Amino acid sequence: MSAGALVLVLNAGSSSLKYQLVDADTGAVSASGLVERIGEPDAKAVARHTVSGQATTREVDAADHDAAMRVVLDAFATHGPALDARALYAVGHRVVHGGDRFRSPVVVDEAVIEAVEDLVPLAPLHNPANLAGIRAARAAFPTTAQVAVFDTAFHQTLPPHAFTYAVPRQWRERHRVRRYGFHGTSHAYVSRRLATLLGREPGEANVVVLHLGNGASAAAVAGGACIDTSMGLSPLEGLVMGTRPGDLDPALPSHLARQGVSIEDYDRALNADSGLRGLTGTNDFREVVRLVEAGDADAVLALDIVAYRIAKYVGAYAVALGRLDGLAFTAGIGEHSPTLRAAVLDRLGLLGMRVDPGRNEEGPAERVVTTQDSAMPAWVVPTNEELEIARQAVALLR
Ligand code: ADP
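Rules of the game
Residues numbered from 1 in each chain as written. Predicted model: local features only at pLDDT ≥ 70, side-chain atom pairs only at ≥ 80, totals over all residues. Heavy atoms only, no water. Core = buried A, V, L, I, M, F, W, Y, C linked by side-chain atoms within 4.5 Å. Buried < 20%, exposed > 50% of the residue type's maximum accessible area, 1.4 Å probe, protein only. Helix = DSSP H or I, 4+ residues; strand = E, 2+ residues; numbered from the N terminus. Contact = heavy atoms within 4.5 Å. Pairing = 2+ DSSP bridges. Axes fitted to C-alpha atoms, helices over the stretch in contact; angles between N-to-C directions. Near = heavy atom within 4 Å. Polar contact = N/O pair within 3.5 Å; in protein donor to acceptor, adjacent residues only side chain to side chain. Areas by Shrake-Rupley, 256 points an atom, 1.4 Å probe, with all protein chains shown as cover. Nonpolar A, V, L, I, M, F, W, Y, C, P; charged D, E, K, R; others polar. Expected span 1.5 Å × (residues − 1). Phe/Tyr/Trp six-rings, centres within 6.5 Å; stacked < 30°, edge-to-face > 60°. Lys NZ or Arg CZ within 6 Å of the ring centre and 35° of its normal. Salt bridge = Lys/Arg side-chain N within 4 Å of Asp/Glu carboxyl O.

K.L.:
How should I be thinking about the nonpolar core in this particular structure?
P.N.:
Side chains of a nonpolar character, in soluble globular proteins, are inclined to be buried together. Counting residues in hydrophobic clusters, the biggest one holds 43 residues, and the most contacted among them are Leu210, Leu212, Ile310, Leu327, Leu340 and Leu345. Of all elements in the fold, only strand 9 (206–212), strand 10 (216–222), helix 10 (285–293), helix 11 (297–321), strand 12 (326–330), helix 13 (338–345) and strand 14 (378–380) reach the threshold of two or more residues within this core. Excluding residues that lie within four positions of it along the chain, Leu345 makes contacts with Leu327, Phe329, Met353, Val355, Val369, Thr370 and Ala378. Core analysis: the next-biggest nonpolar cluster, separate from the first, contains 30 residues, Ala24, Leu158, Leu194 and Ala195 among them.

This is the structure we're talking about:
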């Protein structure tokens, strides 16, 4: 194993621990995997470890993230590559919420842990899991630098007119109510890559990035700095997602509360049963496309709703940027669904975008999908959040 800038990137969710061992300089991934169903009372956890394309999957005992971390170390010890702490440049942690405190990555110490804990009310599902991952990794690699990379950090350049909600001062000050934005590492990586593909320095390109996975968000990036993004206080705002609705009338919670819907049911419905799932019964976009092709009326409407919402945001962000140089589609749906890309681009004629059906349908993973005479290019740019986290961690330490 080379001793370049090897980073173990960890992404700890409430019941999962994903990891990747990546060289921040070359992007080479020497191993990746995940442990899922951590701490579930009725099911064994499942661990998958992949080295050189060879995956091994097994049931394991993992009652908490510490146990899951031991499973990961065991997978490296059994299946390789050797995971020598001395050869490890850093452990990079994806942390969802950095509030307005963290504008860039930081080396984890007690003060950082306290600050991430303090932000739990803003990310009650994610930050506790991220902290569990940090604690497990500190125990496993006590002498290796641990770096926290925040999903919100890239959006800390938003100007006040873009991040301030028009709500009472007390809410903004005491309850920290403002737009934070998420998917920041993906937007940072893809916007920089798109600038390069457009033949510009990142500081000279104005782009819109559409991160369209199970969660989805748009970002407007001016000269490398994010100036607006569609997710807000939470990852519920903005685009229509797999199971989340995106933009809603703020009167909805009180309206439903008066009909007897509890806050717990409301939260659950908006996190787990809305979006594509609420409209069609499934949050799997491949299945939605199959239903559209079979003429299912709900799925046809859902595709229209999703594409219309995305196109509205692109139009708004073109205005916010003043000049738009290009658009990027990324993440599961953005990278893999020609149907969705065509539905969006067909609504963007005003911006001079014309989809090229052949290029949209197939080609290399990274490619332009608009016609040559299109006034504005749209690209597919595969995201790589792990590499971005590794690079940011190494850049901080070097
Ligand atoms: P997450 O937000 O969970 O990381 P991903 O970025 O992996 O999500 O995206 C998951 C979504 O991408 C799912 O809705 C899935 O159906 C969709 N997807 C993946 N491959 C394709 C494909 N070939 N065509 C259409 N949708 C796809």
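K.L.:
For this particular structure, what's the right way to read the sheet that holds strand 10?
P.N.:
Paired through backbone hydrogen bonds, the strands of a sheet run either parallel or antiparallel to each other. Reading across from one edge, 11-10-9-12-14-13 is the order of the six strands in this open sheet, with mixed pairing throughout. Of all the strands in the sheet, the pair left with one neighbour each is strand 11 (225–229) and strand 13 (367–368). When strand 10 meets strand 11, the two strands line up antiparallel, connected through four bridges. Residue Ala219 lies in a different strand from strand 11, and its bridge partner there is Thr229. Sheet strands in contact with helix 6 (residues 184–197) are strand 9, strand 10, strand 11, strand 12 and strand 14, and its direction is about 130 degrees off that of strand 9. Contacts from helix 13 reach strand 9, strand 12, strand 13 and strand 14 within the one sheet, and its direction differs from that of strand 12 by about 150 degrees.

K.L.:
I would appreciate a short explanation of the site of the ligand in the present structure.
P.N.:
As a matter of local geometry, the ligand sits amid Gly213, Asn214, Gly215, Asn283, Asp284, Phe285, Arg286, Ala331, Gly332, Ile333, His336 and Ser337. Within the contact set of the ligand, an oxygen atom lies 2.5 Å away from a side-chain nitrogen or oxygen of Asp284. Backbone polar atom of Arg286 to an oxygen atom of the ligand: 3.3 Å apart, as the coordinates give it. In the complex, 64% of the free accessible area of the ligand, which totals 580 Å², lies under the protein chains. Among the secondary structure elements, those contributing two or more residues to the shell around the ligand are helix 10 and helix 12 (331–336). Per element, the largest residue contribution to the shell around the ligand is four residues, and it comes from helix 12. For the shell around the ligand, the residue count by class is three nonpolar, seven polar and two charged.

K.L.:
Would you mind going over helix 3 (residues 127–140) with me for this structure?
P.N.:
Think of an α-helix as 3.6 residues a turn; residues three or four steps apart then line up on the same face. In a regular helix each residue adds 1.5 Å, so 14 residues correspond to 20 Å; helix 3 covers 20 Å between its end C-alpha atoms and thus fits that length. Every buried residue belonging to helix 3 is among Asn127, Ala129, Asn130, Leu131, Gly133, Ile134, Ala136 and Ala137, and all of these are buried. The inward-facing, buried residues of helix 3 contact strand 1 (6–12), helix 1 (65–79), strand 6 (90–95), helix 2 (110–118) and strand 8 (146–150).

K.L.:
Can you help me understand the packing of aromatic side chains in this one?
P.N.:
Each aromatic ring pair is described using two quantities: the centre-to-centre distance and the angle formed by the ring planes. Applying the stated rule across the entire model yields three aromatic pairs. When the centroid spacing of 5.7 Å and the interplanar angle of 50 degrees are considered together, the rings of Tyr19 and Phe76 count as tilted. Placement of Tyr19 in strand 2 (residues 16–23) and of Phe76 in helix 1 is noted, with a sequence separation of 57 residues between them. The class for Phe76 is buried, based on a relative accessible area of 2%. Between Phe102 and Phe150, the ring centres sit 4.3 Å apart and the planes meet at 5 degrees, which makes this aromatic pair stacked. In this pair, Phe102 is assigned in the loop between strand 6 and strand 7 (106–107) and Phe150 in strand 8, connecting sequence segments 48 residues apart. Here the two residues Phe102 and Phe150 agree in accessibility, since each one is buried. For the cation-ring pair, Arg178 lies above Phe163, with the distance from its terminal atom to the ring centre recorded as 3.7 Å. In this structure, Arg398 is placed above the aromatic ring of Tyr89, and the distance from its NZ or CZ to the ring centre is 5.7 Å.

K.L.:
When you look at the environment of Leu348 in this model, what are you seeing that I'm missing?
P.N.:
Locating Leu348 in the fold gives a position in the loop between helix 13 and helix 14 (357–361). For the pair Leu348 and Ala311, spaced 37 residues apart in the sequence, the C-alpha separation amounts to 6.6 Å. Filtering out sequence-adjacent residues up to four positions away, Leu348 remains in contact with Ala311, Val314, Leu327 and Met353.

K.L.:
Sorry if this is basic, but what is going on with the side chain of Thr330 here?
P.N.:
Position of Thr330 relative to the elements: it lies in strand 12. The class of Thr330 is buried, set by a relative accessible area of 0%. In contact with Thr330, not counting residues within four places along its chain, are Ser186, Val190, Val209, Leu210, His211, Leu212, Glu335, Val381, Pro382 and Thr383.

K.L.:
I keep staring at the pattern of salt bridges and nothing clicks. Help me out?
P.N.:
Pairing is possible between side chains of opposite charge, provided their charged atoms come close. A complete count under the given rule lists 21 salt bridges for this structure. As a salt-bridge pair, Arg398 and Asp25 come within 2.9 Å of each other at their nearest N and O atoms. Taken as a pair, Arg398 in the segment after helix 15 (385–397) and Asp25 in the loop between strand 2 and strand 3 (29–36) lie far apart in primary sequence, 373 residues in all. Judged by its relative accessible area of 57%, Arg398 is exposed. Residue Asp25 is classed as partly exposed on the basis of its relative accessible area, which comes to 46%. For Asp61, the salt bridge identified is with Lys44, shortest N-O distance 3.1 Å. Of this pair, Asp61 sits in the loop between strand 5 (54–60) and helix 1 while Lys44 is found in the loop between strand 3 and strand 4 (45–51), placing the two residues 17 residues apart along the sequence. Looking at Lys44, the relative accessible area reads 37%, which means it is partly exposed. Taken together, the shared-partner salt bridges connect Arg179, Asp228 and Glu237 into one network.

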